[in-house]
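# Structural features, examined
Each chain is listed here by its residues.
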2 protein chains.
Amino acid sequence: MDNRYCIILAGGSGSRLWPVSKVNLPKQFLEVADTGKTFIQHTFERFCSFIDPGHIFVVTLPRYKNLVREQVPDIPEENILLEPYSRNTAPCIAFSAIKIYKKNPDAVIAVTPSDHIIQDVAAFRANLVSAIDFAAHQDALVTLGVSPTRPDPNYGYIQAAGGRDALKKGEPLKVKTFTEKPNVEIARVFIGSGEFVWNSGIFVWKAKTILDEMAKHLPMLFGWFDGWEEAVDTPAEQDWLRRAYGGCERASIDFGIMEKTDKAWVYPADFDWADVGAWESMYNYASKGLDDQGNVVLSHHKIVEDSKNLMAVCTDKEKLVIIKGLDNYLVVDTDDVLMICPRSDKDIHRLVSDVAMPEYEKFR
Amino acid sequence: MDNRYCIILAGGSGSRLWPVSKVNLPKQFLEVADTGKTFIQHTFERFCSFIDPGHIFVVTLPRYKNLVREQVPDIPEENILLEPYSRNTAPCIAFSAIKIYKKNPDAVIAVTPSDHIIQDVAAFRANLVSAIDFAAHQDALVTLGVSPTRPDPNYGYIQAAGGRDALKKGEPLKVKTFTEKPNVEIARVFIGSGEFVWNSGIFVWKAKTILDEMAKHLPMLFGWFDGWEEAVDTPAEQDWLRRAYGGCERASIDFGIMEKTDKAWVYPADFDWADVGAWESMYNYASKGLDDQGNVVLSHHKIVEDSKNLMAVCTDKEKLVIIKGLDNYLVVDTDDVLMICPRSDKDIHRLVSDVAMPEYEKFR
């Protein structure tokens, strides 16, 4: 019997790529620049060559259920797990791990975000198969660690035990420290030391191991899920689930478990990886195809003059984009929003997406 | 019998407000900023209170016939005169004056562009009624002259005979000189002298007078219209018209007649007037409603920060426009084009609208 399982986390409704991503169409359901497939479709495809689609689960919110069904129809409907509310990753992983554990107590689960970019699918497959094999044979909470290519202050960093030389061997190592979003200077020191990797947010563990660690490190939260043995996969499941989510607090798997457990391991991965979490990282990702002035214009028809380091995105790619004289600007044009601002500006869109202004509700 | 007639010139397909105005939707059929009516609708309404709609004619090209019928349904279909080709204003006025003269040899005609902005409708009416009355009683080619408010280098200037004091009286004066688009310094001298007015492009004359002057000053061109007495308003009209337009050269009424005739008069008008012929003049016109930083944003929802002297237009006025950090820029957003360039830039759109680039044909 195949014990490999996958949980795709697809409940996020982040606004960092607003106005292209929106509450009703968050990033995981958007096309990855010019590939013809969405983030969640790429995520599914990376796994389905070594994990049976019947063993791939998606955890999301009710409002995204139809998007999941449309975009990844090969995932059985009963594998689409719906959270009653957003409670961050710890409750989400508790719920889905319980669901899988009840089906197969020997399950080994790969947990993955649905909105990251990974291009080297062959390396990904080899790394994941190996990490799953490793986790199957011991009580380990394994994080896939990616070789950093720049001192990016927006990522999480993992220091591996054993130092630079151990990391080079490519074998799983115990985690020494986690550091979320250091400043650029510290990130530079991390990278220089050779002991750090980026936290990809991809985890591998046995269902039993993660549930045991939940009970140990988040006993209050996990207590709300009591009674699952009787409720899950019965008509009582919905009531049980609403009670659990209604009661439990918000908590992330990183802070709630990974930074507390003594079972944290890091698996040094060979694949490329990008969390295109904001327009700046989209620029970094897309800049492979830029012109010699550093301009990235994601539209089929464009005339760009006297401009440098421009990031321009039209959701209607047939639109003609004419830009002259913009230096380090971000231009985003969607059906209902046109945003033009300096790339360095990180705040202007929060006026619309975060602040309570009823006038702008419809644009969120 | 009422001898008052009007000819609305609506055949232009200018690209100066591109990409909002296009070959298939030129300026005269676009809404005047926030008024809910198009340029040609405003033009019609200015005249229909003192000229019977049955006496109002529109001269245009076949491709705009349906737009005219939709936008000014009160003009009888038989009053929509279709030119086979664009040949500038002289042939256009010859054709339409002939049509009217054949119906009424005593007709006095007001000729008007269809894409100008005039807001003081009461003054307009009083001036036009008076000018028509004047022209009815002598062989005069009357141009309405508007008091200049700035040394605009994009307009035509008329020097009235009799000097500053004569002009102040508001009575018709013979024309001394015409000057088309002087530079700013010369325009400033003109205005300082008090002897000059702007050429509004609105003319008033008897049908007989303009046809006589055509025969005198543009005999070659007018010769192509020979035979009109037999052809017009008969089944032979189409053949006659195609022959006339096929043969005659391009000529403007200003250079071809007004600058040559000894019957040119100027009527000093009291109404405001703007030929919003390019984005710069649209900015000048719209700037009445601008904020204290000189920003004009024609959209209902807007957030503008750190910007000055911005001109932004969304054809979809429900779109949210967010702009930060633009100084003296023009932003125009339509269904299929997004243009962002310095306001001082006059050339970038010509890449698309004028230069022969088949790739951009569909955006013209």
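Rules behind the numbers
Residues numbered from 1 in each chain as written. Chains lettered and ligands numbered in written order. Predicted model: local features only at pLDDT ≥ 70, side-chain atom pairs only at ≥ 80, totals over all residues. Heavy atoms only, no water. Patch = residues over 30% accessible without salt bridge, like charges linked within 9 Å, V, L, I, M, F, W, Y side chains within 5 Å. Areas by Shrake-Rupley, 256 points an atom, 1.4 Å probe, with all protein chains shown as cover. Salt bridge = Lys/Arg side-chain N within 4 Å of Asp/Glu carboxyl O. Lys, Arg positive; Asp, Glu negative; His and termini not counted. Charge placed at Lys NZ, Arg CZ, Asp CG, Glu CD. Buried < 20%, exposed > 50% of the residue type's maximum accessible area, 1.4 Å probe, protein only. Pairing = 2+ DSSP bridges. Helix = DSSP H or I, 4+ residues; strand = E, 2+ residues; numbered from the N terminus. Axes fitted to C-alpha atoms, helices over the stretch in contact; angles between N-to-C directions. Contact = heavy atoms within 4.5 Å. Buried area = accessible area lost by both parts, 1.4 Å probe. Polar contact = N/O pair within 3.5 Å; in protein donor to acceptor, adjacent residues only side chain to side chain.

## Topic: a negative patch on the surface
A cluster of acidic residues, Asp316 and Asp335 of chain A together with Asp316 and Asp335 of chain B, forms a negative patch at the surface. Judged by its relative accessible area of 34%, Asp316 of chain A falls in the partly exposed class.

## Re the sheet that holds strand S10 (residues 296-298) of chain B
Adjacent strands of a sheet form backbone hydrogen bonds with each other and so pair up, either parallel or antiparallel. A sheet is described by the order of its strands in space; here six strands give the open sequence S11(A)-S13(A)-S15(B)-S14(B)-S12(B)-S10(B), paired in mixed fashion. The sheet terminates laterally at strand S11 (301-305) of chain A together with S10 of chain B, the two strands that pair on one side only. The average angle at which neighbouring strand axes cross in this sheet is 5°, direction not considered. One ladder, built from four bridges, connects strand S12 (residues 311-314) of chain B with strand S14 (residues 329-333) of chain B; its direction is parallel. Its bridge partner lying in S14 of chain B, Met311 of chain B is registered against Leu330 of chain B. On the sheet, helix H12 (residues 279-286) of chain B packs against S10, S12, S14 and strand S15 (337-342) of chain B and is oriented at approximately 95° with respect to S12 of chain B.

## A look at the interface of chain B and chain A
Counting residues at the interface gives 35 residues for chain B and 35 residues for chain A. Together chain B and chain A conceal approximately 2900 Å² of surface at their shared face, both sides included; 63% is due to carbon and sulfur atoms. Broken down residue by residue, the surface that chain B buries against chain A is led by Leu320, Ile322 and Leu338 of chain B, which jointly contribute 23%. Applying the counting rule to chain B against chain A returns two salt bridges. Here chain B is connected to chain A by 16 residue pairs in polar contact (both at pLDDT 80 or more). Elements represented by at least two residues in the side of chain B that touches chain A include exactly strand S11 (301-305), strand S13 (320-324), S14, S15 and helix H13 (350-353) of chain B.

## Overview of the sheet that holds strand S10 (residues 296-298) of chain A
Spatially, six strands are ordered S10(A)-S12(A)-S14(A)-S15(A)-S13(B)-S11(B) in an open sheet, and the strand pairing comes out mixed. Only two strands of the sheet have a single partner each, and these edge strands are S10 of chain A together with S11 of chain B. Ignoring strand direction, the axes of neighbouring strands in this sheet form an average angle of 5°. Packing against the sheet, helix H12 (residues 279-286) of chain A makes contact with S10, strand S12 (311-314), strand S14 (329-333) and strand S15 (337-342) of chain A, and its axis sits at approximately 95° to S12 of chain A.

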